Amino acid sequence: MPVHCSCCDKNAAVLRRPKTGHTLCKECFFWAFEEETHQMIVSAKLFQKGETIGIGASGGKDSTVLAHVLKVLNDRYNYGLNLMLLSVDEGISGYRDDSLETVKRNQQQYDLPLKIVSYEELYGWTMDQIVRKVGLKNNCTFCGVFRRQALDRGAMMLKVDKVCTGHNADDIAETVLMNFLRGDIARLRRCTAITTDSEGAIPRCKPLKYAYEKEIVLYAYFKKLDYFSTECVYSPNAYRGYARAFLKDLESIRPSAIMDVIHSGENLSVKEDVKMPRQGTCTRCGYISSQELCKACVLLEGLNRGLPKLGIGKHAKLHNRLLNKEPLTEAEMKKLRAVDF
């Protein structure tokens, strides 16, 4: 006997929602997914009428679904938003060049303007070149830091009011676990926020914050959206992968584990006497930073000096010497050179 949709009770159900356990037909699932995103946008007051919104577009399932849903809701509820696509080209052969072709097709399908910024034009390095210097152990540190700043720089070029990213519930739960395991209280406090707004930076928001990754995949599959599904060739050793595997094991035992972890992060309280880093600006590039030099500038300095390990770990004591362009000792340089891979 086919199972009927628990919402309309007319059509045959095609899926059971991981979040609620409800059995839904395609149309009811589409409506539920879109309405939940709409309610999130309205309740969190993410947008104001007339704003220009940059959608971080990688060509993957999350950003493709985000672009599609925002366009649908913008038309359905008359948000009055000016939507644009913003992509970052990290310079990864056989991966990013293919995914950017998907983004270009999305631009045509959704009729939205597209801006692509590249690591090479911003930093003078591609990720392929960086990996040849640092190997496969810490390459994700470089990519993550550069991509966050590149997204902000691209947003400034487009003069957008806000940037939307496709981070989903699984991503946020993984980040909570990673920050907890690293003891990073500052990031742990803000990683669950639906909107992050540092002084001098363009606000970022996550409309899919409570959307399960499984439901995003199902939405993209049933809608037949055009997206790129290959994983980055440099990510197998990423720290996030271990947090993801642990979270999936938890979810198999307790389906609500993802939301439980997110709510734990949201309800975190920190003692008043705990010293938190003060937000300032980088003295070299002007980007937000809690140190004199931002992480991107330190990483870039290390690459340009042939000392790629300079930005890996804690080397804040070297910042003043870097700013003053003072030479490092041979012992210091030996520690900071790349090891053989």
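Residues numbered from 1 in each chain as written. Predicted model: local features only at pLDDT ≥ 70, side-chain atom pairs only at ≥ 80, totals over all residues. Heavy atoms only, no water.

## A short note on the packing of aromatic side chains
Okay, so step 1: For the coordinates displayed, the defined rule picks out 12 aromatic pairs.
Okay, so step 2: When the centroid spacing of 6.4 Å and the interplanar angle of 20 degrees are considered together, the rings of Tyr-77 and Tyr-79 count as stacked.
Okay, so step 3: The partly exposed category is assigned to Tyr-77, whose relative accessible area is 29%.
Okay, so step 4: Relative accessible area serves as the criterion here: at 12%, Tyr-79 is assigned to the buried category. (Phe/Tyr/Trp six-rings, centres within 6.5 Å; stacked < 30°, edge-to-face > 60°. Buried < 20%, exposed > 50% of the residue type's maximum accessible area, 1.4 Å probe, protein only.)

## Details of the pattern of salt bridges
Okay, so step 1: Considering all chains together, one arrives at 24 salt bridges under this definition.
Okay, so step 2: Measuring nitrogen to oxygen at the nearest pair gives 3.5 Å for the salt bridge that ties Glu-101 to Lys-104. With Glu-101 and Lys-104 both in helix α3 (residues 96-110), this residue pair falls three residues apart, about one helical turn.
Okay, so step 3: Salt bridges linked by common partners bring Lys-61, Asp-62, Asp-170, Glu-213, Lys-214, Lys-248 and Glu-251 together as one network. (Salt bridge = Lys/Arg side-chain N within 4 Å of Asp/Glu carboxyl O. Helix = DSSP H or I, 4+ residues; strand = E, 2+ residues; numbered from the N terminus.)

## Quick notes on the sheet that holds strand β7 (residues 195-196)
Okay, so step 1: Taken together, six strands build an open sheet; the order of strands is β5-β4-β3-β6-β8-β7 and the sheet is mixed. Single-partner strands in this sheet number two, and they are β5 (114-118) and β7.
Okay, so step 2: In terms of strand pairing, strand β6 (residues 162-164) meets strand β8 (residues 204-205) through two bridges, oriented parallel. Looking across to β8, one finds that Val-163 is bridged to Arg-204.
Okay, so step 3: Lying over the sheet, α3 contacts β4 (82-89) and β5, oriented at roughly 170 degrees with respect to β4. (Pairing = 2+ DSSP bridges. Contact = heavy atoms within 4.5 Å. Axes fitted to C-alpha atoms, helices over the stretch in contact; angles between N-to-C directions.)

## Thoughts on unusual backbone geometry
Okay, so step 1: If you check the backbone angles, Lys-159 has positive phi at about 60 degrees while not being a glycine.
Okay, so step 2: Checked against the element boundaries, Lys-159 lands in the loop between α6 (139-158) and β6.
Okay, so step 3: Phi angles above zero are rare outside glycine, and Lys-224 is one such case at about 60 degrees.
Okay, so step 4: Topologically, Lys-224 is positioned in the loop between α9 (213-223) and α10 (239-253).
Okay, so step 5: Judged by its relative accessible area of 67%, Lys-224 falls in the exposed class.

## Structural notes on the pairing of β5
Okay, so step 1: As paired elements, β4 and β5 share five bridges and run parallel to each other. Bridge pairing in β5 links Ser-87 to Ile-116.
Okay, so step 2: Between the parallel pair β4 and β5, the chain is carried across by α3, and the sense of this crossover is right-handed. (Right-handed = clockwise from strand over helix to strand, strands pointing away.)

## Let's talk about the environment of Arg-16
Okay, so step 1: Examined against the element boundaries, Arg-16 turns out to sit in strand β1 (residues 15-16).
Okay, so step 2: It is 19 Å that separates the C-alpha atoms of Arg-16 and Asn-168, two residues lying 152 residues apart in sequence.
Okay, so step 3: In contact with Arg-16, not counting residues within four places along its chain, are Gly-21, His-22 and Thr-23.

## Quick word on the packing of helix α2 (residues 61-76) against α9
Okay, so step 1: Relative to each other, α2 and α9 sit at 65 degrees, their axes nearing to 10 Å. Between α2 and α9, the angle is such that the two are roughly perpendicular. With respect to the hand of their crossing, α2 and α9 are arranged in left-handed fashion. The segment α2 lies against α9, with Lys-61, Asp-62, Val-65, His-68 and Val-69 engaging Glu-213, Ile-216, Val-217, Tyr-219, Ala-220 and Lys-223. (Parallel < 35°, antiparallel > 145°, perpendicular 65-115°, else oblique. Left-handed = near helix turned anticlockwise from the far one by under 90°.)

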